Structure formats: C-alpha cells, structure tokens
Amino acid sequence: MQGRTRLFACAMRLFLRCFRLGRRHGRSKLLKRAGELWSYGKLCAKSLFYNSLTNSDVIIDSLFEPIYWLVDHVTRWFGVAFVCLVIVLTSSIVLIVYICLLPLILDTYSPAWIIWHVCYGHWNLLMIVFHYYKAARTSPGYPPQMKTDTPSVSICKKCIAPKPPRTHHCSICNRCILKMDHHCPWLNNCVGHFNHRYFFSFCLFMTMGCLYCSISSRDMFIDAYNAVETYYQTPPPPFTFKERVFHKCIIYLWVLCSSVALALGGLTLWHAILISRGETSIERHINHKEKHRLQKGKVFQNIFHYGRMNNWKVFFGVETKSHWLTRVLLPSAHPPYGDGLTWTHSPTATRRTLLAV
C-alpha cells in the first residue's frame, strides 16, 4: 500500500514539474511572438511614413494637409462669390465718383484739370475692366493630354502625366497649369502662362485707380469726417439726409480705396520684383530652396532670367518700341511669348532674336 502511494506521489510530482515547464515555455513563446509583432508594426510604420528625403518641411506639410484640403475646397466653392464681391465694390466706387466727385470737379476745377481728370479717370477705368475680364476669362494654359513629343521635366503625381518646364499642379483646379504662378480666388481662375500679363496689369491699374481716388478725395474726406464727428452734438447740426449720405459715401470711398491701394500695391510690387528676376511665385520658393541647397561650392543660376529689361519685354510681349504704347498702355489681347511648353534657355539667343528693340 505504501509502495502504491509512493509511486502515485512520484507520478504527480513529475506531472506538476512538466506542467510548470510547459507554462514557462508557453509564456516565453507568447512574449517572443508579441515582440515579433511589435517589430513588424514598427517596420510597416517606417516604410509608410519615412524615407531618405523626409525632413521637417515634409512633416509640416503632412500635418497641415487637412487644412490645405479645407482651404482648397472653400476657395473652389467661394470663387464666384469673390468675383461678385470685386464687381460690387468696384461698381460702388465708380458710382460714388460719378455722383459725388465728378460734379464737384466740373464746378470747381479749371478746364485743363477737368480734361485731365476725365481722360485719365476713364482710361484707368477702361484698363481695369479690360484686364480683369481677360484675367478671369482667359485660360491659364494646360499641358496636352494626348501623348506628344513635348519635352517634360517630371511626372505629375496627381495627373500621372508628363509636366513641361515651369508647369505645376493646381489642387483647386485639379489640373496642371503652364507657368503657374498661383490660384487667385478674386479671379476664380489660375494665373498661368496665358493670363499672367492680364493679372499683373489689373493689379497695377487697380492700384493706380485707388491711389487716384484717394488723392483726389482727400480734402473731401477730411471735411466729411469732421462733419460726421458733429452728428452727435447737442443740438445736432442742420445737415439734410442727402448731405449725410454724401459724407458717408466719401468716407467709404476714401477708406476702401486707401486700404486696397496699400494691400494691392504691396502685391503688385512683389510681382514686379518676381518679373524682374524671371520668376513666378512658385519658382521663387523653389529657387530659394535650391540656392540654400547649393551653398557649398556651387552657384545657382535661373535659366529663365534674361536680364531685367528683357524679362519685362518677354512678359509684356514687347518687340518694337511702339508696343510699349499699343501693348502696355492700351488694351491689347495679344498672346504671350511662346506656347508655355518649351522655353529658350539661352539669354543671348533671346536678346538677338526676339528682343532687339
């Protein structure tokens, strides 16, 4: 009996020892499996979100991607509203000038000044309307969709199509744009190769028109502002309803024109600097990064920079001296230089062939 008990105890002891070894072996196997899964997950994450070209700019762009998406869609849907706002504000200023300023000019100024104001004002208004319409309605230019022999410098990641030089993808228009500068919500259109001149001319003449209105109505604005300051005195001044409306219209005109002249003047000056350098807004950013990258031992050179004066001649399409009048100072719908697909990289060749003025 004791022998059987001792044999049973030995068997139970051996069973428990095997059970403990099995538990230890299973636990280590589970931990090893969990470690393998963690390493695999880290490898997958790195393969999806990391490469040798990753830097702070890529990380910031990735973080701001939802904001870019929201801005693109808001700009796309509100483009028509922005265009209507430009038309309404410009029309209101023109009406105030015709109703309030022009009668005073005709009554108080000399005949020579009257002729100057009438001629300059209407010429400036004509240039603003013409260039805004052409900038908004002219296609900026798109690369061909069919397979051609046109040289390309890269492949668009969005369109999956070849991109000619100076071509960039617009996320709002969802198309590649030839010589893209930027997407302008106030035009509801991209600014590219075929309407860049119209856009800049509109900005220039709108700034000139706002400055003209601000300077011409400065004295009237001071009188109107002083008059409005007396509205709440006791007893109130004996201004009629028509006079009160006149005062507020003059203040509205001066404040709006001065604000637009300041903001749009800065934008026009910035684009004038870019044109003088032979760059677009996008190329300015790209060239700046390339200059920073090639600081050590190499010099960056913009192959589209033909010299300041020649850049302006190429931009405005000036080929003869008379074109400064007919193509710059008067409304002109002439096409820009080139087709936007190929570019002359030699400045000397451009000076000899196109721009011998």
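Quick caveat: nothing in here was measured; it's all calculated off a predicted structure.

Draft legend 1. Up close: the overall build of the protein. Of regular secondary structure, the protein possesses eleven helices and six strands. Classification of the 357 residues of the protein by burial places 32% in the buried group. Across the protein, contacts joining residues at least 24 apart in sequence account for 66% of those joining residues at least 6 apart. Surface accessibility of the protein: about 23900 Å² in total, with carbon and sulfur atoms responsible for 67%.

Draft legend 2. Inspection of the environment of Gly-141 at higher detail. Tracing the sequence through the fold places Gly-141 in the loop between helix H4 (111-137) and strand S1 (154-155). Separated by 49 residues in sequence, Gly-141 and Cys-190 have C-alpha atoms that sit 9.2 Å apart. Ignoring any residue separated from it by four or fewer positions in sequence, one finds Gly-141 in contact with Cys-176, Ile-177, Leu-178 and Phe-194.

Draft legend 3. Region of interest: the layout of surface pockets. Space inside the second largest pocket adds up to approximately 980 Å³. Around the second largest pocket sit 44 residues that line it, and Thr-90, Ile-93, Ile-128, Met-206 and Cys-210 are the ones nearest its centre. Those elements that place two or more of their residues in the lining of the second largest pocket are helix H3 (65-108), H4, strand S5 (182-184), helix H5 (196-216), helix H6 (218-229) and helix H7 (241-276). When residues in the lining of the second largest pocket are grouped by element, the largest group, 13 residues, is from H3. Residue composition of the lining of the second largest pocket, grouped by class: 33 nonpolar, ten polar and one charged.

Draft legend 4. Representation of the packing of H5 against helix H9 (residues 308-316). Remark: H5 packs on H9, axes separated minimally by 9 Å, with the N-to-C direction vectors making an angle of 105°. By the angle between their directions, the pair H5 and H9 is classed as roughly perpendicular. Across the interface between the two elements, His-196, Arg-197, Phe-200 and Ser-201 from H5 touch Trp-312, Phe-315 and Phe-316 from H9. Each residue belonging to the contact of H5 with H9 can be placed in one class, and the counts come to four nonpolar, two polar and one charged.

Draft legend 5. Here's a closer look at the pattern of salt bridges. For the coordinates displayed, the defined rule picks out two salt bridges. As a salt-bridge pair, Glu-283 and Arg-166 come within 2.7 Å of each other at their nearest N and O atoms. With Glu-283 in helix H8 (residues 281-293) and Arg-166 in the loop between strand S2 (162-163) and strand S3 (168-170), this pair connects stretches of sequence that are 117 residues apart.

Draft legend 6. View of H5. When the terminal C-alpha atoms of H5 are compared, their 30 Å separation across 21 residues agrees well with the 30 Å that a helix rising 1.5 Å per residue should span. Taken across its 21 residues, H5 has 16 buried, putting it largely inside the fold.

Draft legend 7. The arrangement of the packing of aromatic side chains in detail. Counted according to the given criterion, the structure contains 19 aromatic pairs. Among the aromatic residues, ring-to-ring pairing joins Trp-113, Trp-116, Tyr-120, Trp-123, Phe-205 and Tyr-212 into one connected group. Above the face of the Trp-343 ring, Arg-166 is positioned so that its terminal group lies 4.7 Å from the ring centre.

Draft legend 8. Expanded view of the nonpolar core. Judged by nonpolar contacts, the single largest core of 32 residues is most densely connected at Leu-187, Ile-250 and Leu-253. Of all the secondary-structure elements, those providing two or more residues to this core are H3, H4, H5, H6 and H7. Looking at which element gives the most residues to this core, the answer is H5, with nine residues. Setting aside anything within four residues of it in sequence, one finds Leu-187 in contact with Val-83, Tyr-132, Ala-135, Ala-136 and Phe-199.

Draft legend 9. Representation of H9 within the structure. Counting buried residues along H9, seven of its nine residues qualify, which places the element largely inside the surrounding structure. Among all positions of H9, only Asn-310, Asn-311, Trp-312, Lys-313, Val-314, Phe-315 and Phe-316 are buried. Positive backbone phi, at 75°, marks Gly-317, one or two positions downstream of H9.

Draft legend 10. Here's a closer look at the side chain of Arg-166. Classification of Arg-166 as buried rests on a relative accessible area of 10%. One polar contact links the side chain of Arg-166 to the main-chain carbonyl oxygen of Gly-278, over a distance of 3.3 Å. Once residues within four sequence positions are removed from consideration, Arg-166 is found in contact with Ile-177, Leu-178, Lys-179, Met-180, Gly-278, Glu-279, Thr-280, Glu-283, Phe-304 and Trp-343.

Draft legend 11. Main features of a nonpolar patch on the surface. On the surface, Trp-69, Leu-70, Val-74, Trp-77 and Phe-78 cluster together into a nonpolar patch covering about 610 Å² of accessible area. Following the sequence through the fold, Trp-69 ends up in helix H3. On the basis of relative accessible area, Trp-69 is assigned to the exposed category, the value being 52%.

Draft legend 12. Structural view of the confidence of the model for the protein. Of the residues in the protein, 82% have a pLDDT of 70 or more, and the chain-wide mean is 83. The lowest-confidence element of the protein is helix H11 (residues 347-353), averaging 42 in pLDDT; the highest-confidence one is H5, averaging 96. Throughout residues 346-357 the model reports pLDDT below 50, and contacts reaching past four residues in sequence, or to other chains, amount to 24 contacts.

Rules of the game
- Residues numbered from 1 in each chain as written.
- Predicted model: local features only at pLDDT ≥ 70, side-chain atom pairs only at ≥ 80, totals over all residues.
- Heavy atoms only, no water.
- Helix = DSSP H or I, 4+ residues; strand = E, 2+ residues; numbered from the N terminus.
- Buried < 20%, exposed > 50% of the residue type's maximum accessible area, 1.4 Å probe, protein only.
- Contact = heavy atoms within 4.5 Å.
- Areas by Shrake-Rupley, 256 points an atom, 1.4 Å probe, with all protein chains shown as cover.
- 1 Å grid on protein atoms, 1.4 Å probe; cavity = no way out; pocket = protein on both sides within 12 Å on 5 of 7 lines; lining within 4 Å.
- Points joined across faces, edges and corners; volume = space filled by probe spheres on them.
- Nonpolar A, V, L, I, M, F, W, Y, C, P; charged D, E, K, R; others polar.
- Axes fitted to C-alpha atoms, helices over the stretch in contact; angles between N-to-C directions.
- Parallel < 35°, antiparallel > 145°, perpendicular 65-115°, else oblique.
- Salt bridge = Lys/Arg side-chain N within 4 Å of Asp/Glu carboxyl O.
- Expected span 1.5 Å × (residues − 1).
- Phe/Tyr/Trp six-rings, centres within 6.5 Å; stacked < 30°, edge-to-face > 60°.
- Lys NZ or Arg CZ within 6 Å of the ring centre and 35° of its normal.
- Core = buried A, V, L, I, M, F, W, Y, C linked by side-chain atoms within 4.5 Å.
- Polar contact = N/O pair within 3.5 Å; in protein donor to acceptor, adjacent residues only side chain to side chain.
- Patch = residues over 30% accessible without salt bridge, like charges linked within 9 Å, V, L, I, M, F, W, Y side chains within 5 Å.
- pLDDT = per-residue confidence, 0-100.

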